[in-house]
Amino acid sequence: MITETNAVKLRQNLGEMLNQVQYRHDSVVINKDGKPVAALVDARLFERIRRMQGRFDALCQRIEAGFAGIPEAEGLAEIDAAVRKERARARRAAGKA
């Protein structure tokens, strides 16, 4: 479960929210001026996110290296074509369902 709160309520209820995160494995999104700015998450989930971020960064570097010699406009055109193709495939599949 995800709870949303603001910084004032977080300070007032920190102990309760920590218990929520630790024991129920819930998450708390902290808003500022109605917009999310931070999250309080279980330490195990945070560790998983950190590992995923590392793998994502490594994958991005591999993709960048693979496309290093291709002009940006050409690469973006290739991405747009792939997106159009996949969306068309998804529409066809949804029509058959």
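Preceding this section is the structure that the text describes.
Before going into details, it helps to say that this report is about the structure given with it.

**A closer look at the overall build of the protein**
Piece 1. Along the backbone of the protein there are four helices and three strands.
Piece 2. Counting from the amino terminus, the protein carries its helices and strands in the arrangement β-α-α-β-β-α-α.
Piece 3. For a compact globule of 97 residues, the expected C-alpha radius of gyration is about 13 Å, and the protein comes in at 21 Å, more than 25% above that figure.
Piece 4. Referenced to the eigenvectors of the C-alpha coordinate spread, the extents of the protein come out at roughly 55 × 40 × 30 Å.
Piece 5. Burial status across the protein gives 14% buried among its 97 residues.
Piece 6. Residue pairs in contact within the protein that sit at least 24 positions apart in sequence constitute 30% of those at least 6 positions apart.
Piece 7. Entry remark: accessible area of the protein is about 8,200 Å², with carbon and sulfur atoms responsible for 57%.
Piece 8. Once the 18 positive and 13 negative side-chain charges of the protein are each reduced to a mean point, those two points are 6 Å apart.

**Topic: the pattern of salt bridges**
Piece 1. The tally for this structure, following the rule as stated, stands at four salt bridges.
Piece 2. In this structure, the salt-bridge partner of Arg-24 is Asp-26, at a minimum N-O distance of 2.9 Å.
Piece 3. Its relative accessible area of 5% is what places Asp-26 among the buried residues.
Piece 4. Two residues, Arg-50 and Glu-47, come together in a salt bridge whose shortest N-O distance is 3.9 Å. With Arg-50 and Glu-47 both in helix α3 (residues 43-66) and three residues apart, the pair spans about one turn of that helix.

Conventions adopted
Residues numbered from 1 in each chain as written. Predicted model: local features only at pLDDT ≥ 70, side-chain atom pairs only at ≥ 80, totals over all residues. Heavy atoms only, no water. Helix = DSSP H or I, 4+ residues; strand = E, 2+ residues; numbered from the N terminus. Rg over C-alpha atoms; globule rule 2.2 N^0.38 Å. Buried < 20%, exposed > 50% of the residue type's maximum accessible area, 1.4 Å probe, protein only. Contact = heavy atoms within 4.5 Å. Areas by Shrake-Rupley, 256 points an atom, 1.4 Å probe, with all protein chains shown as cover. Lys, Arg positive; Asp, Glu negative; His and termini not counted. Charge placed at Lys NZ, Arg CZ, Asp CG, Glu CD. Salt bridge = Lys/Arg side-chain N within 4 Å of Asp/Glu carboxyl O.

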